[in-house]
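Residue-level listing of the chains:
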Amino acid sequence: AMITFMILHSPKRRKKTSHRIMVGMGIADILASIWYFASTWVIPAGTLSGFGDGTTETVFWASGDQNGIACNISGFFNQFAACNPLYSAMLALYYLLVVKYGWSTDRLAA
C-alpha cells in the first residue's frame, strides 16, 4: 500500500511504465486483501461448516444475508487476486525488455 501511495502522489513517478504496473498490482492486492480478511463475514448466517468432520457447527463469524448478495460481491472482489500474478508477469516482461534487450521507455510506450 505504501508503494502505491508514493507513486500516486508523485507526478514524476506516475509517468514511468514500471511504476504504473506497480500501482495496478498494489490496488489489486489491497482489494483482494480486504476481502480475504472479511472472508467469512459474507457467508450467510447459519451456514453449516463443510469440513467433513461429521460435526454440524456453523461457519465462524458468518453473518451475511440469506440471499447471498454479499457472497456474490465478495466473489467478484476476490477475482482481483488473479490480477497479481498477471501484473508480476508484466513487470518481469518489462524488466526483461529494458534490462536484457535495452529497450527504451519510448519504445515501450509506443
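Novice: What is the right way to read the packing of aromatic side chains from this model?
Specialist: Where two aromatic rings form a pair, the distance of their centres and the angle of their planes describe that pair. Within the structure shown, the criterion is met by six aromatic pairs. Consider the rings of Phe37 and Trp41, whose centres lie 5.2 Å apart with planes at 75 degrees: the pair is edge-to-face. For Phe37, a relative accessible area of 62% corresponds to the exposed category. Centroid distance Tyr94 to Tyr95: 5.1 Å. Interplanar angle 75 degrees. Geometry classified as edge-to-face. On the basis of relative accessibility, which here comes to 10%, the residue Tyr94 falls in the buried class. By relative accessible area, Tyr95 is classed as partly exposed at 38%.

Novice: It is not clear to me how the packing of helix α3 (residues 17-37) against helix α5 (residues 83-100) should be interpreted in this structure. Could you clarify?
Specialist: A pair of packed helices can be characterised by two numbers: the angle between their axes and the separation between those axes. Running from N to C, α3 and α5 point in directions that differ by 165 degrees, and their axes come no closer than 9 Å. When the axis of α3 is compared with that of α5, the two are roughly antiparallel. For α3 against α5, the interelement crossing comes out left-handed. Touching Thr17, Ser18, Ile21, Met22, Gly24, Met25, Ala28 and Asp29 of α3 are Cys83, Asn84, Tyr87, Ser88, Met90, Leu91, Tyr94 and Tyr95, all from α5.

Novice: Explain α5 to me, please; I cannot follow it from the model alone.
Specialist: What sets the pattern is the α-helix's 3.6 residues per turn: residues three or four places apart point alike. Taking 1.5 Å per residue, 18 residues should reach 26 Å; α5 reaches 25 Å between its end C-alpha atoms and fits that length. Contact partners of the buried residues in α5: α3 and α6 (105-109). Taken from the residues just after α5, Gly102 is the one with a positive phi, measuring 70 degrees.

Novice: How should the environment of Ile43 be read in this particular structure?
Specialist: When you line up the elements, Ile43 lands in the loop between α3 and α4 (69-78). The exposure class of Ile43 is partly exposed, given its relative accessible area of 22%. The sequence separation of Ile43 and His19 amounts to 24 residues, and the corresponding C-alpha distance is 36 Å. Once you skip the residues sitting within four places of it in the chain, Ile43 turns out to touch Val59, Ala62, Ser63 and Gly64.

Criteria and cut-off values
Residues numbered from 1 in each chain as written. Predicted model: local features only at pLDDT ≥ 70, side-chain atom pairs only at ≥ 80, totals over all residues. Heavy atoms only, no water. Phe/Tyr/Trp six-rings, centres within 6.5 Å; stacked < 30°, edge-to-face > 60°. Buried < 20%, exposed > 50% of the residue type's maximum accessible area, 1.4 Å probe, protein only. Axes fitted to C-alpha atoms, helices over the stretch in contact; angles between N-to-C directions. Helix = DSSP H or I, 4+ residues; strand = E, 2+ residues; numbered from the N terminus. Parallel < 35°, antiparallel > 145°, perpendicular 65-115°, else oblique. Left-handed = near helix turned anticlockwise from the far one by under 90°. Contact = heavy atoms within 4.5 Å. Expected span 1.5 Å × (residues − 1).

In short, the description is geometric, and any link to function would need to be established separately.
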